[in-house]
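Residue-level listing of the chains:
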Amino acid sequence: MAHVRVNGVGLFYETVGAGDPLVLVHGSWGDHHNWEPVLHDLAEQYRVLVYDRRGHSQSERPPGQGSRTEDEDDLGALMEELGFAPAYVAGTSFGASIVLGLAIRRPELFRGLIAHEPPLTGIVAGEQDFRPLMDATDRKIDSVLAHLRAGETQAGARQFMEEVALGPGAWEQLPEQMRETFLRNAPTFLDEQQDPDWAMLDLTALSRFTEPALVTRGTDSPPWFATIATRIAEALPQARMHTFEGAGHIPHVTHPQDFVDAVTRFLQTAGRP
């Protein structure tokens, strides 16, 4: 276990394996442990870096309102400090948003990228077909945030897991360590949602990223993620798409072998025309 101070914040990180550098960026509520179902297999072929993003678990939580741009800067600085630049960089959910944002601003840090279902709902804000379902989800998230603002952390975390992320009864089925992680990192989810630009991405700027990219989605996720993934893939000059059958928002947890297979196939061919 190790810590390093970059971009003005102390970050926890671990490195494992040998080979081409691969960086994994976790989503909201979680930490580097989210990658455990796939880490061993990936480390057999790659030198893998996992870390806790600012405000999560063993990393520092600075005071004041944060932004996704700060997370992007953290990621870039961490890669440079640890000799992981340029690297292949993979992210899921909010982690994928961070990866894509950094790819726009610092493309020289990348050999390629992998993005699974970034919640960049600003991309589909005008899609009327999604509006009723998205409005219903927004109301649930607003209720979660109200719990967190009131200091009702467990109520907010439980509601998010059962009404937004995983379904009824999911909270009690989670391992105790995972529930503790969600409770510890809940304030950072509130912080992320209060960043006015958290759901936005400049697709025109993204089109200037010319390294290989893999954009993925799950068949069991809300329908707008498929459209977001398609728009992102269309913007990237060297993008491929992959769909995880029977999976949702966290395939690296629910379908780890499928995730490893998709990632390794992409990385093995990323340098070819």
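These numbers come from a predicted model, not from an experiment.

Focus: the pattern of salt bridges
Across all of its chains, the model carries 16 salt bridges by this definition. The salt bridge involving Glu 192 is made with Arg 53; its shortest N-O contact spans 3.1 Å. With Glu 192 in helix H7 (residues 176-193) and Arg 53 in the loop between strand E4 (46-51) and helix H2 (68-81), this residue pair connects regions lying 139 residues apart in the sequence. No difference in accessibility class separates Glu 192 from Arg 53, as the two residues are buried.

A word on the nonpolar core
Residues Val 23, Leu 75, Met 79, Phe 110, Leu 113 and Ile 232 are the most contacted members of the largest nonpolar core, which totals 46 residues. In this structure Ile 232 touches Leu 100, Pro 118, Leu 120, Ile 123, Leu 203, Leu 206 and Val 215, once residues within four positions along its chain are discounted. Of all hydrophobic cores here, the second largest spans 23 residues; its members include Leu 24, Leu 42, Tyr 46 and Val 260.

Side note on H2
For H2, with 14 residues, the first-to-last C-alpha span of 20 Å sits near the 20 Å given by 1.5 Å per residue. All buried positions along H2 are accounted for by Arg 68, Asp 71, Glu 72, Asp 74, Leu 75, Gly 76, Leu 78 and Met 79. Of the surrounding elements, those touching the buried residues of H2 are strand E1 (2-6), strand E2 (9-16), strand E3 (20-25), E4, strand E5 (87-92) and helix H3 (94-105).

Overview of the packing of H2 against H3
Each packed pair of helices is defined by two parameters, the angle between the axes and the distance between the axes. Where H2 contacts H3, the two axes come as close as 9 Å, and the packing angle between them is 70 degrees. Viewed along their axes, H2 and H3 adopt a mutual orientation that is roughly perpendicular. When H2 is examined against H3, the residues Arg 68, Thr 69, Asp 71, Glu 72, Asp 73, Leu 75, Gly 76 and Met 79 are found in contact with a partner set consisting of Phe 94, Ser 97, Ile 98, Val 99, Gly 101, Leu 102 and Arg 105. Grouping the amino acids of the contact of H2 with H3 by side-chain chemistry returns six nonpolar, four polar and five charged.

Considerations on the pairing of E1
On any regular strand, side chains alternate: one points to one face of the sheet, the next to the other face. Alignment of E1 against E2, held across five bridges, turns out to be antiparallel. Within E2, the position partnered with Ala 2 by the bridge is Tyr 13. Where E1 hands over to E2, the hairpin turn is made up of two residues, of which Asn 7 adopts a positive phi near 55 degrees.

Observations concerning the packing of aromatic side chains
Per the counting criterion, the structure on display carries nine aromatic pairs. Taking the centre distance of 6.3 Å and the plane angle of 85 degrees together, the rings of Trp 29 and Phe 182 count as edge-to-face. Of this pair, Trp 29 sits in the loop between E3 and helix H1 (36-43) while Phe 182 is found in helix H7, placing the two residues 153 residues apart along the sequence. Exposure remark for Phe 182: the relative accessible area of 9% places this residue in the buried category. Geometrically, the ring pair formed by Trp 224 and Phe 225 is tilted, given 6.2 Å between the ring centres and 40 degrees between the ring planes. The exposure classification of Trp 224 matches that of Phe 225, with both residues buried. An aromatic cluster is present here, built from Trp 29, Phe 160, Trp 171, Phe 182 and Phe 189 joined pairwise through their rings. Sitting above the plane of the Phe 84 ring, Arg 47 keeps its charged end 4.0 Å from the centroid.

Thoughts on the layout of surface pockets
Roughly 270 Å³ of internal volume is contained in the second largest pocket. As for the second largest pocket, its lining consists of 18 residues, and the residues nearest its centre are Arg 61, Pro 62, Gly 64, Gly 66 and Asp 191. For the lining of the second largest pocket, the secondary-structure elements that each account for two or more residues are H2 and H7. Residue composition of the lining of the second largest pocket, by class: four nonpolar, six polar and eight charged.

Section: empty space enclosed by the protein
This model, assessed by the stated rule, comprises one cavity of 30 Å³ or more. Each pocket or cavity is described by its volume, and for the largest cavity that value is around 50 Å³. If you trace the largest cavity, you find it lined by Trp 35, Ala 90, Gly 91, Thr 92, Ile 114, His 116, Leu 214, Thr 216, Phe 244, Phe 259 and Val 263. Here the element with the most residues in the lining of the largest cavity is E5; it accounts for three residues. Residue composition of the lining of the largest cavity, by class: seven nonpolar, four polar and no charged.

Procedures and definitions
- Residues numbered from 1 in each chain as written.
- Predicted model: local features only at pLDDT ≥ 70, side-chain atom pairs only at ≥ 80, totals over all residues.
- Heavy atoms only, no water.
- Salt bridge = Lys/Arg side-chain N within 4 Å of Asp/Glu carboxyl O.
- Helix = DSSP H or I, 4+ residues; strand = E, 2+ residues; numbered from the N terminus.
- Buried < 20%, exposed > 50% of the residue type's maximum accessible area, 1.4 Å probe, protein only.
- Core = buried A, V, L, I, M, F, W, Y, C linked by side-chain atoms within 4.5 Å.
- Contact = heavy atoms within 4.5 Å.
- Expected span 1.5 Å × (residues − 1).
- Axes fitted to C-alpha atoms, helices over the stretch in contact; angles between N-to-C directions.
- Parallel < 35°, antiparallel > 145°, perpendicular 65-115°, else oblique.
- Nonpolar A, V, L, I, M, F, W, Y, C, P; charged D, E, K, R; others polar.
- Pairing = 2+ DSSP bridges.
- Phe/Tyr/Trp six-rings, centres within 6.5 Å; stacked < 30°, edge-to-face > 60°.
- Lys NZ or Arg CZ within 6 Å of the ring centre and 35° of its normal.
- 1 Å grid on protein atoms, 1.4 Å probe; cavity = no way out; pocket = protein on both sides within 12 Å on 5 of 7 lines; lining within 4 Å.
- Points joined across faces, edges and corners; volume = space filled by probe spheres on them.

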